Amino acid sequence: MSNSSPLNGKRIVLGVGGGIAAYKSVELLRQLVDRGAFVSPVLTQSSLRFVGETTFSALGSERARTSLWEGDDPIPHTLLGQRADVIVVSPATADLIAKYAAGIADDLLTTTLVATNAPVVMVAAMHTEMWQHPSVVENIATLRRRGVIVIEPESGRLAGGDIGVGRLATAERVVTTVEGLFSRADKRELLSGKRVLVTAGGTREAIDPVRYIGNRSSGKQGIAFAEVAADFGAEVTLVSTVPVTEGLAIKVIEVESAQEMFDAVFALADESDLVVMAAAVADFRSKLISPTKIKKKNGAPQIVLEPTPDILAGLGSAKRKNQVIVGFAAETGDPETEARRKLRDKNADFVVANNVLEPDAGFAVDTNRVTLVYGDSMVSLALSDKRDIASRILSFVAEWAFKQSVWSE
Ligand code: CTP
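Computed from a predicted model, the values in this text were never measured in an experiment.

**Observations regarding helix α12 (residues 335–345)**
Turning to step 1, where the next piece is worked out: Restricting attention to buried positions, one finds in α12 the residues Pro335, Ala339, Lys342 and Leu343. The buried residues of α12 occupy an angular sector of 105 degrees when projected down its axis, which confines them to one face.
Turning to step 2, where the next piece is worked out: Against β16 (324–331), β17 (350–355) and β19 (371–374) lie the buried residues of α12.
Turning to step 3, where the next piece is worked out: Just downstream of α12, Asn347 is the residue with a positive phi angle, here 55 degrees.

**Description of the nonpolar core**
Turning to step 1, where the next piece is worked out: Membership of the largest hydrophobic core comes to 43 residues, with the highest contact counts inside it found for Val236, Leu274, Val324, Ile393 and Trp407.
Turning to step 2, where the next piece is worked out: For this core, the element with the highest residue contribution is helix α13 (residues 386–403), accounting for nine residues.
Turning to step 3, where the next piece is worked out: Residues within four places of Val236 in sequence aside, it is in contact with Val196, Val198, Ala226, Ala229, Ala230, Ala249, Ile250 and Lys251.
Turning to step 4, where the next piece is worked out: Core analysis: the second largest hydrophobic core is formed by 29 residues, Leu28, Leu43, Val51 and Val88 among them.

**Some words on the side chain of Asp273**
Turning to step 1, where the next piece is worked out: Within the secondary structure, Asp273 is located in the loop between α10 (258–269) and β13 (274–277).
Turning to step 2, where the next piece is worked out: Here Asp273 is in contact with Gly193, Lys194, Arg195, Arg320, Asn322, Gln323, Val324 and Trp407, once residues within four sequence places are set aside.

**Describing the sheet that holds strand β5 (residues 149–151)**
Turning to step 1, where the next piece is worked out: Across the sheet, which stays open at both edges, the five strands sit in the order β2-β1-β3-β4-β5 with parallel pairing between neighbours. Bordering the open sheet on either side are β2 (38–43) and β5, each of which pairs with just one other strand. Adjacent strand axes in the sheet meet at a mean angle of 20 degrees when their direction is disregarded.
Turning to step 2, where the next piece is worked out: Two elements, strand β1 (residues 11–16) and β2, share six bridges in a ladder whose sense is parallel. Pairing of Val16 across the sheet is with Leu43, part of β2.

**Observations regarding a positive patch on the surface**
Turning to step 1, where the next piece is worked out: Positive charge collects at one region of the surface, where Lys293, Lys295, Lys296 and Lys297 lie side by side.
Turning to step 2, where the next piece is worked out: Structurally, Lys295 can be placed in the loop between β14 (284–286) and β15 (305–307).
Turning to step 3, where the next piece is worked out: Judged by its relative accessible area of 43%, Lys295 falls in the partly exposed class.

**Examining the packing of helix α4 (residues 94–102) against helix α7 (residues 134–145)**
Turning to step 1, where the next piece is worked out: Their axes nearest at 9 Å, the elements α4 and α7 cross at an angle of 50 degrees. Relative to α7, α4 is oriented oblique. For the pair α4 and α7, the sense of crossing is left-handed. Taken together, the residues of α7 that come into contact with α4 (itself represented by Ala94, Ile97, Ala98, Tyr100 and Ala101) are Val136, Asn139, Ile140 and Leu143.
Turning to step 2, where the next piece is worked out: Partitioning the contact of α4 with α7 into residue classes produces eight nonpolar, one polar and no charged.

**Observations regarding the packing of aromatic side chains**
Turning to step 1, where the next piece is worked out: What the rule picks out here adds up to seven aromatic pairs.
Turning to step 2, where the next piece is worked out: Consider the rings of Tyr374 and Phe396, whose centres lie 5.3 Å apart with planes at 70 degrees: the pair is edge-to-face. Separated by 22 residues along the polypeptide, Tyr374 in strand β19 and Phe396 in helix α13 bring together distant segments of the chain.
Turning to step 3, where the next piece is worked out: Members of the aromatic cluster, joined through ring pairs, are Phe350, Tyr374, Phe396 and Trp400.
Turning to step 4, where the next piece is worked out: Positioned above the aromatic ring of Phe38 is the side chain of Arg11, whose terminal nitrogen or guanidinium carbon lies 4.5 Å from the ring centre.
Turning to step 5, where the next piece is worked out: Sitting over the face of the ring of Tyr212, Arg204 holds its NZ or CZ atom 5.8 Å from the ring centroid.

**Some thoughts on the environment of Ala141**
Turning to step 1, where the next piece is worked out: Checked against the element boundaries, Ala141 lands in helix α7.
Turning to step 2, where the next piece is worked out: Ala141 gets classed as partly exposed once you look at its relative accessible area, which sits at 38%.
Turning to step 3, where the next piece is worked out: Through-space distance from the C-alpha of Ala141 to that of Ala101 is 9.2 Å; in sequence the pair is 40 residues apart.

**What to know about the site of the ligand**
Turning to step 1, where the next piece is worked out: By nearness alone, 17 residues border the ligand, and Ala279, Asp283, Leu312, Phe328 and Lys346 come closest of all.
Turning to step 2, where the next piece is worked out: Between the ligand and Pro309, the relevant distance is 3.0 Å, taken from a nitrogen atom to a main-chain nitrogen or oxygen of the residue.
Turning to step 3, where the next piece is worked out: Here an oxygen atom of the ligand sits 2.7 Å away from a polar atom, N or O, in the main chain of Leu312.
Turning to step 4, where the next piece is worked out: Surface burial for the ligand is 80%, taken as the share of its 570 Å² of free accessible area covered by protein chains.
Turning to step 5, where the next piece is worked out: Most atoms of the ligand, that is more than half of them, are within 2 Å of grid points of the second largest pocket.
Turning to step 6, where the next piece is worked out: Within the residue set of the shell around the ligand, elements represented by two or more residues are α11 (311–317), β16 and α12.
Turning to step 7, where the next piece is worked out: No other element matches the four residues that β16 contributes to the shell around the ligand.
Turning to step 8, where the next piece is worked out: When grouped by side-chain class, the residues that make up the shell around the ligand number 10 nonpolar, two polar and five charged.

How each quantity is defined
- Residues numbered from 1 in each chain as written.
- Predicted model: local features only at pLDDT ≥ 70, side-chain atom pairs only at ≥ 80, totals over all residues.
- Heavy atoms only, no water.
- Buried < 20%, exposed > 50% of the residue type's maximum accessible area, 1.4 Å probe, protein only.
- Helix = DSSP H or I, 4+ residues; strand = E, 2+ residues; numbered from the N terminus.
- Arc of directions from axis to C-beta.
- Contact = heavy atoms within 4.5 Å.
- Core = buried A, V, L, I, M, F, W, Y, C linked by side-chain atoms within 4.5 Å.
- Pairing = 2+ DSSP bridges.
- Axes fitted to C-alpha atoms, helices over the stretch in contact; angles between N-to-C directions.
- Patch = residues over 30% accessible without salt bridge, like charges linked within 9 Å, V, L, I, M, F, W, Y side chains within 5 Å.
- Areas by Shrake-Rupley, 256 points an atom, 1.4 Å probe, with all protein chains shown as cover.
- Salt bridge = Lys/Arg side-chain N within 4 Å of Asp/Glu carboxyl O.
- Lys, Arg positive; Asp, Glu negative; His and termini not counted.
- Charge placed at Lys NZ, Arg CZ, Asp CG, Glu CD.
- Parallel < 35°, antiparallel > 145°, perpendicular 65-115°, else oblique.
- Left-handed = near helix turned anticlockwise from the far one by under 90°.
- Nonpolar A, V, L, I, M, F, W, Y, C, P; charged D, E, K, R; others polar.
- Phe/Tyr/Trp six-rings, centres within 6.5 Å; stacked < 30°, edge-to-face > 60°.
- Lys NZ or Arg CZ within 6 Å of the ring centre and 35° of its normal.
- Near = heavy atom within 4 Å.
- Polar contact = N/O pair within 3.5 Å; in protein donor to acceptor, adjacent residues only side chain to side chain.
- 1 Å grid on protein atoms, 1.4 Å probe; cavity = no way out; pocket = protein on both sides within 12 Å on 5 of 7 lines; lining within 4 Å.
- Sits in = over half its atoms within 2 Å of the grid points.

Shown next as structure tokens:
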């Protein structure tokens, strides 16, 4: 395993914060070491109330450090940060997140964080109330803006028996994200020079100025595709129904209805090398849109529906040589069979199928479990966060496109 992992030979600082989830970092440490990484554990003083230094020293690649003021090395805080290929903080408590956002460096871990240029992954875990507190929300946004990768907590049973969002992500999820950082670095050029068009979010079909017909799509998977395509060097346009901040390599066009999305996509389709239709486009819209708010006193309105244009099918029928089209199939039944039908009917090159009824896949959650259907084949990807799913699919699609000579090197 260690030889095949992108973590083989990487230097990782594993920072452990003072939360009950600190015990889970033991498993994370073991998995990182198993993949060939050289892991230096750094424990905060409050973490020592939850876990023992000896455990981390025994399982780590070197003895655990717990203070700025120990050892023979006069400047370990800068050395650790400078040498690291990545710093993973697990659990990242509300306190550590706040300190890091504010640039406070008052112990070995926070000093190492402030003294590094390496990527930082914060694996957040705390009580639901704390996670939702405006200060934590703002600190997380600040860190993300600075490029810190935040792995959000999952829902489940928390310390004290409460149920809610706050539980530390699994070690597997953290390892996949950290591995993705290094495989992404190798893929920085994979889509360079390519123009990628991505759609995201659910369309809203107006009934009157106040109401619309909508769906539960959050846009997260589509946004992840746009971000990863930009990481891979592409010039990206994201046509989205949910607000997204523009990035250097991501141009955003906000739309609302299927028709607006159709118009925006077709204005760009011809010049796009890859189109990823991750949006949940409404199939029907109201035939009439009332220009004024429909009033209750007139009784229940009869809303007559008509079909919207099928954007993916339109793209498929106008597909040009050297263009790759990826569609989605959000299903509640048998995703593979439906995906194969959509692949054929809409002339797409790939269809990403998922079952949106699964609790950890589909709408609004951060994880997804998908099957990629193409030609006569398919590959199933394990449950992972949506960014990692996007990364794997884009790598697969790009390699396929080069191998099939749809794209030339
Ligand atoms: N799609 C589209 N335009 C539409 C409807 C869907 O471009 N008017 C795209 C979606 O973006 C997705 C794919 O088609 O990539 C499949 O969407 P989905 O809603 O799963 O399938 P439908 O085509 O609506 O088929 P069905 O109702 O049979 O599930």
